[in-house]
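# Residue-level structural notes
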Amino acid sequence: MLRIAANELRSLARDRAVRAVVAGYLFALLAASLVHMAGFLSAGESQAAQVGDLLLQRITSTQLVFLAALTPWLVLRLRHGGSTRDLVPEPAAMAVAPWQAVLGTLSALTACLFALLSASLPVLSMIRLFGATTYREIAWSLADALLLLLVLVVLVLGLRLNSRSRAASWAFSYVALGAVALGWHNAFSSMDRASSSMFLLLSLSFLALLLLVSANWSLRYPRIGR
Amino acid sequence: MIKARGISKYHGRVQVLADVDVTLAAGRSLGLLGTNGAGRTTLLNILATLVRPTSGHLDIDGTDALRYPFRVRPDLGFVPQVPAFHGDMTVGELLEFAAAMRVPAPGKAGPPVHTEPVCDGLDRAMPLSALSAGSGQKVALAAALARGPRLLLLDEPLSHLDPMAASRVHGVLRDFHAQGGTVVMACNRAADVEALCDEVAFFHRGRLLRTTEIGRSGLDIGAVFQSLVQEDSLVREDHRPGRAGRDR
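If you're wondering where the values come from, they're calculated on a predicted model, not measured in any experiment.

Basis of the calculations
Residues numbered from 1 in each chain as written. Chains lettered and ligands numbered in written order. Predicted model: local features only at pLDDT ≥ 70, side-chain atom pairs only at ≥ 80, totals over all residues. Heavy atoms only, no water. Pairing = 2+ DSSP bridges. Helix = DSSP H or I, 4+ residues; strand = E, 2+ residues; numbered from the N terminus. Contact = heavy atoms within 4.5 Å. Axes fitted to C-alpha atoms, helices over the stretch in contact; angles between N-to-C directions. Buried < 20%, exposed > 50% of the residue type's maximum accessible area, 1.4 Å probe, protein only. Core = buried A, V, L, I, M, F, W, Y, C linked by side-chain atoms within 4.5 Å.

A few words on the sheet that holds strand β4 (residues 55-60) of chain B. Residues and elements named next belong to chain B. The sheet built from 4 strands is open, its strands ordered β2-β1-β4-β5 with antiparallel pairing. For this open sheet the edge positions go to β2 (14-24) and β5 (63-64), each flanked by a neighbour on one side alone. Pairing geometry for β4 and β5, over 2 bridges, is antiparallel. Bridge pairing links D59 to D64 in β5. Along the sheet, helix α1 (residues 40-47) contacts β1 (2-11), β2 and β4; its crossing angle with β2, the most-contacted strand, is approximately 60°.

See the structure below:
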């Protein structure tokens, strides 16, 4: 499974389009963070505490929007050479059960998204230096964002494995993105933070289990030749 | 090792395999010789558990392979006629990846075979997307062997190879077979089947016409195949609907 994950990460790292998009994301994240921080620094002393409270929320929300838009593309970009069902590398198709191959892919995407989320850590650490937030708050925000993105990854992977065409995978994936965004908005507006995090964790566990079980059916007869 | 009974396969209304029975003991090698479109590739895909037959029963090494395909797949090495690779990997990376996917149970691993001769002359840093058809076949065979399978299923493994590469592949397959590996291979050339297999199965229009031991002296496989196909064509011609009426 780790071999499959390493293989997928290597494939992503070699993809020029992925490198360009990641560079664009980092640039946009830096620009957005600087704009938000400029607002904080230019605020008067009486407003500083209020703006500081919002700063973490604003930066992580901006980052989440960028990454949520990027995630379906990233999942559908994996192993982009052939049909929608060619997620399993050829030797692995015969050697391991489909759920193990999908778990490898899921691990690779988790590592990738964790790295992309961690890109905001330097800026968030600076906010902490201003006394606007704590490390606990930062870690919680990033963990929530990662859980939400993983829910999206699991949905898009499931759609990709079960779609008949690439166009259908794309269309349904962005519909799923809309549904996840709506669900997240409703969950966070009606629940306290601990409850919404637990809700995300339970949703992710359930959907991931469903994906791994369904993978055994979707990839029961993988295509490994033309 | 392989017990296939009454294997039939329809693509829509077209029958591509009709009630095929294949039995092969462990350590034996079987050549599938047939006309184009005779159903040999479909049979190999079914034996590799990559395609489900419309009807029939397949037992591989005592396991119901149609019910539990994931249990038998680790023991199989499959080389399709035109392998589909992930083009961003290099030859060396694919072979390393395949070796890492090796069957872990020591008692269940297939015979250790040196695959270097198969990829002789190939640059291991070359991307798989840049390989020619022949090089692709060599790499696919080396990757299948690197996993240590006990049963090798080959779909025309020599069709795109130059004579020197074909000779090296012959050597590697003989080595695999000599060490107890089981081989089923579809071939277009009778000479390859004669050189590499213990038994030959003749196919025509989705039917298995006959299975014969090759060890018997004086057996001209090409001639036998030709006469079987002619005989089968005549029988089919006689059974065509409306034929009796026209004869009258």
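A separate point is the environment of L95(B). Residues and elements named next belong to chain B. Relative to the assigned elements, L95 resides in helix α3 (residues 91-100). According to the relative accessible area criterion, L95 is buried, its value standing at 10%. Taking the C-alpha atoms as reference, L95 lies 8.9 Å from A144; in sequence the two are 49 residues apart. Once you skip the residues sitting within four places of it in the chain, L95 turns out to touch C119, R124, V139, A142, A143 and A146.

All names here are of chain B. By the criterion of burial, strand β8 (residues 182-187) is predominantly enclosed, with 6 of the 6 residues buried. Both faces of β8 are covered, namely the face carrying T182, V184 and A186 and the face carrying V183, M185 and C187. Both strand β3 (residues 29-34) and β8 contribute to a ladder of 5 bridges, which runs parallel. Note on β8: the bridge partner recorded for G31 is M185. Summarising the sheet, strand β7 (residues 151-155) and β8 pair through 5 bridges and their orientation is parallel. Paired with L152 across the strands is V183, a residue of β8.

What follows is about the environment of S42(A). For S42(A), the location among the structural elements is in helix α2 (residues 16-42). Under the relative-accessibility criterion, S42(A) is labelled exposed at 60%.

This next bit is on the nonpolar core. Residue and element names in this part refer to chain B. One finds V139, L141, L152 and M185 to be the most contacted residues of the largest nonpolar core, which totals 54 residues. For this core, the element with the most residues is helix α4 (residues 133-146), which contributes 8 residues. Leave out the neighbours within four places in its chain, and L152 touches G77, L141, A144, L145, L173, F176, T182, V183 and V184.

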